[in-house]
Amino acid sequence: MNKQSGFEIKAEQRQSWQSIALVWAGGMICVPCLMVGGVLSGGGLPLPHIVAAILIGYGLICAYMIFIGMAACDTGLPVSVLAEGALGRKGARYIISTLLAIACVGWFGIQSATCGQAFATMTADMLGLGAASPAMVVVSSIVWGVIMLVTACAGFKGLKWLNYLAVPLLVVVCLYGLIAGIVRNDGASAIMAYAPEQSSGMVFGISMVVASFALGGVISADYCRFAKSRADVVKSSILGVIPAGLFMLLTGALMSIVTGQYDISAILASLGVPLFGLIALVLATWTTNVTNAYSGGLALSNLLGFDESRFKITTGIAGGIGTLLAAFGLLNAFQGFLSLMSALIPPLAGVIIAGYWVVGRGRLDRFQRREGFSAPGVIAFLAGAVLACITGGTFASFPALLAAAPWLNIPFFVGPVNGIVVSLVLYMVLDKLMPAPAPAEA
């Protein structure tokens, strides 16, 4: 392996698996996960099918997340640098870092806008001001964006301590909201009587679950590189993602069945405890959003050719752009593009896994960061990304395009997973047929 990249983790920077698991749990405990649970029940899935879809979906994510995380643990590298082994330095720098930076900045903006809007609305309601003014929303979005950004700039230790405090509190608040909602609305009867006549099917459910954390599974390298061993990667990934994901999505589904909505802050406000609702929403957004800014900053560092010593600067830039997008309402047209990112990014997992675990046999001494563009990796990634878009329904949002080319929408299984499998297999084949570029200089 080439050394001295400026991104490797030192021995004293390694963290316990519990610390990393809490980062994942903090990322899972968020309003979007409650929303996905509501979508699953709204899609007519029976409760046993909802549970099965959650376990299968997060199981698929954990599978590729663990392989990427163990490679990151071995090398000490974030995903934007780890990808140089399969895509080449220029391929990783210009293709992957750009995609990751855009996706993370966009999600940071969406989360900041969600938090800012809700905080302004609930504050105005508690103060008896009626509806929040546009100026209140702008100021609120900027303030919370800056607060989240400061935490992200603190690095992994900041994330760890934030999650130590926030995750237990969020679990308690969600449990209170769910139980109180059931008691007030005779929820036990509603849950027992829940028997949907039509269902969107298990594939729909699995697809929704995978889409909710597809990006997180790929950027797992940014956090698992702090793990002390491969075993710690496995434990932190499984115990950090699946229990929290099952709890949040199932809570969202039950809330939707009982109250007709999944938003914990709105439910708690209806119960006469809006302050608890506000705290829940802010903390849920905060713990998720700092990971977006942190990974976006790392990707931007690699794109600009910086080492990790300047990651606070690039994290500040990434979060600052996201905050401005949130404050001035420029994200409405951007969300469709972010759905495209969720299809384009997961196939990266396929080429990284194939490069490190199949071609490199999972050995650190066989890992090579390569110069230029590595044709096998770039071609395999692009093929997997296109297939993920076609089979995952990404182009369904572009009716004019589908009218001209209907073959661009052929739903089959789970689009991102299809892309990962194709990119992995194709990389293995092309690596045998095409010469690899020279290793990068240290």
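Look above for the structure.
Here goes a summary of the coordinates provided. Because the structure is a prediction, the values reported are computed rather than measured.

Quick notes on the rules
Starting afresh in each chain, residues are numbered from 1 along the sequence in its written order. Local features in this predicted model are restricted to residues whose pLDDT is 70 or higher, and side-chain atom pairs enter the listing and the counts only when it is 80 or higher, whereas totals over whole chains, interfaces and linings include all residues. Heavy atoms from the whole structure form the basis of all side-chain values; hydrogens and water molecules are not counted. A patch consists of residues whose relative accessible area exceeds 30% and which take part in no salt bridge; residues with like charges are grouped when within 9 Å of each other, and nonpolar side chains (Val, Leu, Ile, Met, Phe, Trp, Tyr) when within 5 Å. Computed by Shrake-Rupley with a 1.4 Å probe, the accessible areas treat only the displayed protein chains as cover when residues are assessed. Every case where a carboxyl oxygen of Asp or Glu lies within 4 Å of a side-chain nitrogen of Lys or Arg is listed as a salt bridge. Counting from the N terminus, the helices are the DSSP runs of H or I reaching at least four residues and the strands are the DSSP runs of E reaching at least two. Structural elements are reduced to axes, namely lines fitted to C-alpha atoms, with helices fitted over the stretch in contact, and the angle between N-to-C directions of any two is expressed from 0 to 180 degrees. Here roughly perpendicular refers to angles of 65 to 115 degrees, roughly parallel to angles under 35, roughly antiparallel to angles over 145, and oblique to all remaining angles. Each crossing gets its hand from how the near helix is turned against the far one by less than a right angle, where anticlockwise is left-handed and clockwise is right-handed. Any two residues whose heavy atoms approach within 4.5 Å at even a single point are treated as in contact. Residue classes follow a fixed rule: Ala, Val, Leu, Ile, Met, Phe, Trp, Tyr, Cys and Pro count as nonpolar, while Asp, Glu, Lys and Arg count as charged, and any other residue, Gly among them, counts as polar. Remark: nonpolar core denotes a set of buried residues (Ala, Val, Leu, Ile, Met, Phe, Trp, Tyr, Cys) joined through side-chain atoms within 4.5 Å. Relative accessibility decides the category of a residue: with a 1.4 Å probe and only protein chains considered, values under 20% of the type maximum give buried, values over 50% give exposed, and everything between is partly exposed. In a helix, the anticipated span is given by 1.5 Å times the number of residues less one. What we call the bend at a residue is the angle made by axes fitted to the seven residues finishing there and the seven residues starting there. The criterion for an aromatic pair is that two Phe, Tyr or Trp rings (for Trp, the six-membered ring) have centres within 6.5 Å, with stacked assigned to planes under 30 degrees apart, edge-to-face to planes over 60 apart and tilted to the rest.

**Quick look at a nonpolar patch on the surface**
Moving on, step 1. Side chains of M126, L169, L275, F276 and I279 sit close together on the surface and give an oily, nonpolar patch of about 430 Å² of accessible area.
Moving on, step 2. Broken down by element, the residue count for the nonpolar patch peaks at 3 residues, all from helix α13 (residues 274–304).
Moving on, step 3. Here F276 shows up in helix α13.

**Overview of the packing of helix α5 (residues 84–126) against helix α6 (residues 134–153)**
Moving on, step 1. Interhelical geometry of α5 versus α6 gives an angle of 125° and a closest axis separation of 8 Å. Classed by the angle they form, the pair α5 and α6 counts as oblique. The hand of the α5/α6 crossing is right-handed. Seen from α5, the contacting residues are F108, S112, A113, C115, G116, Q117, F119, A120 and A124; seen from α6, they are M136, V137, S140, S141, W144, G145, M148 and L149.
Moving on, step 2. Among the residues making up the contact of α5 with α6, the classes are represented as 11 nonpolar, 6 polar and no charged.

**Some remarks on the nonpolar core**
Moving on, step 1. Judged by nonpolar contacts, the single largest core of 117 residues is most densely connected at Y58, Y64, L82, L348 and V351.
Moving on, step 2. Counting residues per element, this core draws most heavily on helix α3 (residues 47–75), which supplies 14 residues.
Moving on, step 3. Once residues within four sequence positions are removed from consideration, Y58 is found in contact with M28, C33, V209, S212, F213, V241, I242, G245, L246 and L249.
Moving on, step 4. The next biggest cluster of nonpolar side chains, apart from the first, holds 5 residues, and it includes L178, L254, M255 and V258.

**Observations regarding α5**
Counting along an α-helix, one turn takes 3.6 residues, and residues three or four places apart therefore face a common direction.
Moving on, step 1. Here α5 is 43 residues long, yet its end C-alpha atoms lie only 52 Å apart, well below the 63 Å a rise of 1.5 Å per residue gives.
Moving on, step 2. Remark: the principal bend of α5, roughly 90°, maps to G91.
Moving on, step 3. Among the residues trailing α5, G128 stands out with phi positive, at a value near 70°.

**Here's the deal with helix α17 (residues 375–391)**
Moving on, step 1. With 17 residues, α17 extends 24 Å from end C-alpha to end C-alpha; this agrees with the ideal 24 Å at 1.5 Å per step.
Moving on, step 2. Positive phi appears at G393, one or two residues downstream of α17, with a value of about 75°.

**Re the packing of aromatic side chains**
Moving on, step 1. Within the structure shown, the criterion is met by 8 aromatic pairs.
Moving on, step 2. With centroids separated by 6.0 Å and ring planes inclined at 90°, the aromatic side chains of W24 and F213 adopt a geometry described as edge-to-face. Taken together, the residues span a long stretch of sequence, with W24 in helix α1 (residues 17–28) and F213 in helix α9 (residues 202–218) at a distance of 189 residues. Just as W24 is buried, F213 falls in that class too.
Moving on, step 3. Taken together, W24, F213, Y223 and Y294 form an aromatic cluster joined through their ring pairs.

So far we have only geometry, and geometry alone does not tell us how the molecule works.
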